[in-house]
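Okay, here's what each chain looks like letter by letter:
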Amino acid sequence: MPPILEAHDLTKRFELGESSVEALKGVSLAVQPGEFVALMGPSGSGKSTLLQLLGGLDQPTTGAVVFEGEDISHLSDDDATRLRRERTGFVFQAFNLIPLLNVRENIALPFTIAGQDTSRGELRDRIREVITLVELEGKERHRPDQLSAGEQQRVAVARALVTRPSVLLADEPTGNLDYTTGGELLDALWKSCDGAGQTVVLVTHDARAAAYADRVFVIRDGRIRDEIDLGRRPDHSAAPLIARLAQVGL
Amino acid sequence: MGLDRLAWRILAARPLRTLLTTLGVALGVGVLSSSLAMSAGIEAAVDRTVRDVVGSADLRVAAFLEGGLSEATVEAIRMTDGIEVAAPSIERRTFLGAPVTSAGAEAREAVTVVGIEPVAWSRLHELELVAGARLARIDEPSALITESLAEADGYILGSELRIQGHDQPTTLRVIGIIAGPGPVAGAAGRAVIVPVDVARSAFGLEGVTRVDIGLADGVSARDVAERLAERLTLEPYVLSSPADLAEGLRASTADFQATTALVAAIVLFVGSFLIVNTLSMTVGERAREVGLLRAAGATRAQVVRFVLAGALVIGIAGSAFGLVLGLLLGSLMAGSVRALTGFPAEVSSLNAGSLAVAFLVGVAITIAGAVEPAIQAARISPVEALRARLDLPATRRARLGWLALVFVAVAILALLAWPPAAGATGADRALGVYAVLLAATLATPFVLPPLARILGSPLAAFVRLEERLARGSLARDRSRTALTLGALVVGLAMIVALGWTAQAARNAATAWLADVVPGDEVVTSIRPIGPGEAIRGQLAAIEGVRSVTPIATFDLAIRGLRFDAAAIVGADFLADGRLTFIDGERAAALRALDVGGAAILPLPAAERLGLGVGDTISLALGAGTTLDLRVVGVVERSIPGDGGEAILVGWRDASGPIGVPGADVFAVRFEDGAGPAAREALETAARDAALEANPLSRVQGAVTDALGRVFGLFDALALVAVLVAALGIVNTLAMGVVERVHEIGVLRAIGMTRRQASRMVVVEATILGLVGAVLGAVVGLGVGAVLLFLSGGLVASAGLPWASIAIAAVLGLAGPAIAAWYPSRLASRVSIVRALKFE
Ligand SMILES: Nc1ncnc2c1ncn2[C@@H]1O[C@H](COP(=O)(O)OP(=O)(O)OP(=O)(O)O)[C@@H](O)[C@H]1O
Ligand SMILES: [Mg+2]
């Protein structure tokens, strides 16, 4: 099967007036459909930058991102917007939700933005489905500020999944959560991947989170330093990953 | 010191916001300084006119009839107790023969010749000569001319001057040059002063034009006026005093000045909203820095100072720029004041006092607006700096309560700077208006959410999500929105209120004419048409014409006061049902007019003379004759004359003893159902007789056009308030985008287009505009009702000012839409990557 998402020798340079920062220095990788991939690395290594390029939020300085066989690295703003709306889903570390809108409305946002009616038919069923998936039944009418941090992040996951995107991209979604709630969120991601075949790319620096993945890329200083193949494991044990990371010196 | 530098950096970090706020202050100060300068200019012009006209005389007796005051009258004045100096003089406008020095005898502009008794006159009038000598005798063939005239027409000391009189030109020698334009009012600098006997013979006069009077010490002008009224019964005269004159001139501009001052105060008020809002936003935005400063050991007092320092910079820069704007506005206003009040206000004269007041008021209001944000800043605790995300309830509360204080501050400052000529009633009115506006602004946060929902619902049909988010954004900081909206509402309300007042004034004028003119068409003549002439009969014979009634307007002097008067046919007014009687019996009164020896007074004249039905007016008609007229009625409104409403007399008295040569107006009433043919026939007949026929509606139109020009100026000022409000909207919308940058980033990340993001802001502005227009109209009607009620003109029939409401609606929508341009671009350009950076 052809990869659903590929990066070819990506570089990204940020110009800061006089000086510049080279956040990515030539990254290549490929993600297969239905795969759960984690990007790990220390702070400032370029994980978020890479994820943003993969999801069409930003454009690389050189290199290419190929999404379902299409080069998306130089899309017009409108095309990139459509890509985001229809084919990718994002979850960020915090403040994913619009405070004004309730849980259901936040989840329905991608459809609302596209001007679709979510009060009936298939879309309504899909929204109900993802609410069940993230176990938020009964809280549809709650406002974000009436939810716990973990519940808020699950709403964000539900919203990212509701459009059935080709790839779900998550940037440290558990960064603000405690051990248990973080685990619940990861379970939800895992269910969507293992159960519904959702492709997931997860950025984290938590080995326990990365251990949910089939494959882990270790990024350091703008380059991929290692690739660890864990395989699909329902127990998500972090031990093999930690051992391997210790070998690499992380 | 370091903190002040930081304050400066914070202002510089948001250049647009700082610039807009400074501009807002500048516009307020500009309007204030120009209206103050205009008031001062009018005052100065009044003082100068009074000085020029009467010098240091305490009273002036002016001739009413062409022939002037006879020697007997002048003598009677001299002999009156309490009068120390009586200086008779003659004033005539004429032309000069070509000066001997100049080649051709081309036509020149007119000059004003004043004939004086040099000794008496110089006791009451100052004359500053730049060259030559003064007049010495009452019959020497010499003249003094003004410097301006000398320059314009090329005269020098010793030149010969030829005055065109009633007969042969009189040749005089220029023996002195008076400084500048000279002391003769209305001469536009072209004045010639000659001995009184020279003027008398040049113009072939018996009497003099006027007698200026200096009173003995300790004598009251009122007593002397009474004594004069007893003695001068043989000739009509008009008595005036400098105080009367000044008061009259001031009164003619008082309403104008009061309204200008009111609108200026309101522009400043709106400007103060902008300041409170901007500084609060800045403090909210900088809460983290302020918290860090506090954590680093800055005291509360230092934080307060730090915010006030920022305000001071804005206040000083804005006020200084405002003075420049004020000069520009002032020169524009001076032009319209001259055109509107017919009074030469010279605003161009730089008035240091009003500039200083405007500057200080601008700075003071900026500081007053900064106090509350400064207190908020001082309340920020060091802990706030540690919070990951700032949601500062402390900076979002109680700003409106503060507004009341700013209101009081502005009101007090406005009263201090209130032009004295605008009068106390003007101040009452201003406070009333002000209070309505404040109440409206304080009420906005409560009516905003429901109104926004109702008015936003049509938008929701097209752009549901954007409408929802826009409304949410408006609701997020209610006091900020209230201030922004309040400014818009105040500006639009002023437009509606002024429009309503203007409309009521127009309607009143229209109704007035309809009430007093017994006709549909007014036929005017430039020469008096005598009773014997056939024209009236010819007009009346036209098919479809029911009645033609002759009217003449003229002046009467009663007890030294000048009144407008009109001669009418009482029977015609009775048949046509014109005039509203307050006192007296209508039919009897109008019939009495035709019999003769009777007069009907308009209410103002009745009050001024203290006369009622049954009293008698004794008119001196000159040459020793008098005419007694019995007051038979008092009417609410009468035929308009040059300076007021006319006293109505019958034709028998007018053509007889009073000597009115004929009618200058015919009022023509058509038969019911007479078609346009009748009107056309009338107009043709009128044209053939060298008369001008105008429908009453056109006459009314001319009156209301003049009113329209006055109100046009006020509208322009109110527009400045809307402009200031628009600046506030730019600030608020831009701030909304900055604050929601993260939210917009998320929306863009999940697929919102740039267009949608910018539309969100445009929708927000549109809702603001819709709410502003509705509230502006409602509040404007409230303010208009207060204005009309206080000026006693609130009548149910005034009708709503739909045109002004429409204008307010258009401005309410267009203003915010234009203001949204920049913030919406800002929203569409939010960088997703940057927005999502964890702050
Ligand atoms: N918009 C930007 N402008 C300038 N430099 C940037 C920008 N975004 C990222 N960088 C720089 O690029 C590098 C990589 O940043 P990135 O956010 O991708 O790191 P990260 O691995 O996600 O770190 P963290 O784990 O802390 O989130 C850093 O050195 C950062 O300073
Ligand atoms: Mg990161």
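About the thresholds
Residues numbered from 1 in each chain as written. Chains lettered and ligands numbered in written order. Predicted model: local features only at pLDDT ≥ 70, side-chain atom pairs only at ≥ 80, totals over all residues. Heavy atoms only, no water. Near = heavy atom within 4 Å. Polar contact = N/O pair within 3.5 Å; in protein donor to acceptor, adjacent residues only side chain to side chain. Areas by Shrake-Rupley, 256 points an atom, 1.4 Å probe, with all protein chains shown as cover. Helix = DSSP H or I, 4+ residues; strand = E, 2+ residues; numbered from the N terminus. Nonpolar A, V, L, I, M, F, W, Y, C, P; charged D, E, K, R; others polar. Expected span 1.5 Å × (residues − 1). Buried < 20%, exposed > 50% of the residue type's maximum accessible area, 1.4 Å probe, protein only. Core = buried A, V, L, I, M, F, W, Y, C linked by side-chain atoms within 4.5 Å. Contact = heavy atoms within 4.5 Å. Domains from an automatic or database assignment. Buried area = accessible area lost by both parts, 1.4 Å probe. Salt bridge = Lys/Arg side-chain N within 4 Å of Asp/Glu carboxyl O.

Attention now moves to the site of ligand 1. Around ligand 1, the surrounding shell holds 15 residues, and the nearest of these are A:Ser43, A:Gly44, A:Ser48, A:Thr49 and B:Lys837. At a separation of 2.5 Å, an oxygen atom of ligand 1 approaches a polar side-chain atom of A:Ser43. Contacts to ligand 1 include A:Thr49, whose side-chain N or O atom sits 2.5 Å from an oxygen atom. In the complex, the protein chains occlude 71% of the 630 Å² of accessible area that ligand 1 would expose alone. Among the secondary structure elements, those contributing two or more residues to the shell around ligand 1 are strand 1 (5–16), strand 2 (19–31) and helix 1 (47–54) of chain A. At three residues, helix 1 of chain A tops the list of elements feeding residues into the shell around ligand 1. Across the shell around ligand 1, the residue classes break down as five nonpolar, seven polar and three charged.

Moving on, we get to helix 15 (residues 478–516) of chain B. With 39 residues, helix 15 of chain B should cover 57 Å at 1.5 Å per step; its first-to-last C-alpha distance of 54 Å lies within 8% of that length. Of all 39 residues making up helix 15 of chain B, 30 are buried, and the element is well covered by its neighbours.

With 131 residues, the main nonpolar core has B:Ile193, B:Ile266, B:Leu437 and B:Val771 as its most contacted residues. Broken down by element, the residue count for this core peaks at 17 residues, all from helix 8 (residues 242–285) of chain B. When near neighbours in sequence (up to four residues on either side) are disregarded, B:Leu437 contacts B:Ile266, B:Phe269, B:Val490, B:Ala493, B:Met494, B:Val779 and B:Val783. In terms of nonpolar packing, the next biggest core, distinct from the first, is built from 47 residues, A:Phe111, A:Val155, A:Val218 and A:Leu245 among them.

Our focus in this paragraph is the environment of B:Ser319. All names here are of chain B. When you line up the elements, serine 319 lands in helix 10 (residues 300–341). Those residues in contact with serine 319, other than ones at most four positions away along the chain, are Val25, Val29, Ile314, Phe359, Gly362 and Val363. Polar side-chain contacts of serine 319 include one of 2.6 Å to the backbone oxygen of glycine 315. A polar atom in the side chain of serine 319 sits 3.4 Å from the backbone nitrogen of valine 363.

This part takes up the side chain of B:Glu521. Residues and elements named next belong to chain B. Note that glutamate 521 resides in strand 11 (residues 521–529). A polar side-chain atom of glutamate 521 sits 2.8 Å from a polar atom in the side chain of arginine 679. In contact with glutamate 521, other than residues within four places in its own chain, are Phe666, Ala667, Val668, Phe670, Arg679, Leu682, Glu683, Ala693, Asn694, Pro695 and Leu696.

On to the domain arrangement of chain B. Residues and elements named next belong to chain B. The domain boundaries assigned to chain B delineate domain 1 (1–56 + 245–418), domain 2 (59–240), domain 3 (430–516 + 698–839) and domain 4 (517–697). Averaged C-alpha coordinates put domain 3 and domain 4 at centres separated by 50 Å. Each side of the interface is counted separately: domain 3 has eleven residues, and domain 4 has 17 residues. Taken together, the two surfaces of domain 3 and domain 4 that pack against each other cover about 1200 Å², and 51% of this comes from carbon and sulfur. Its largest share of buried area at the contact with domain 4, domain 3 owes to Asp515, Val516 and Arg698, together 52% of the area lost on that side. Our count for the contact surface shared by domain 3 and domain 4 stands at one salt bridge. Across the pair arginine 637 and aspartate 515 runs a salt bridge, and its minimum N-O distance is 3.5 Å. The tally of links from domain 3 across to domain 4 stands at five residue pairs in polar contact (both at pLDDT 80 or more). Only helix 15 and helix 22 (696–739) provide two or more residues apiece to the side of domain 3 that touches domain 4. Sorting elements by how many residues they give to the side of domain 3 that touches domain 4 places helix 15 first, with seven residues. Residues that form the side of domain 3 that touches domain 4 fall into these classes: seven nonpolar, two polar and two charged.

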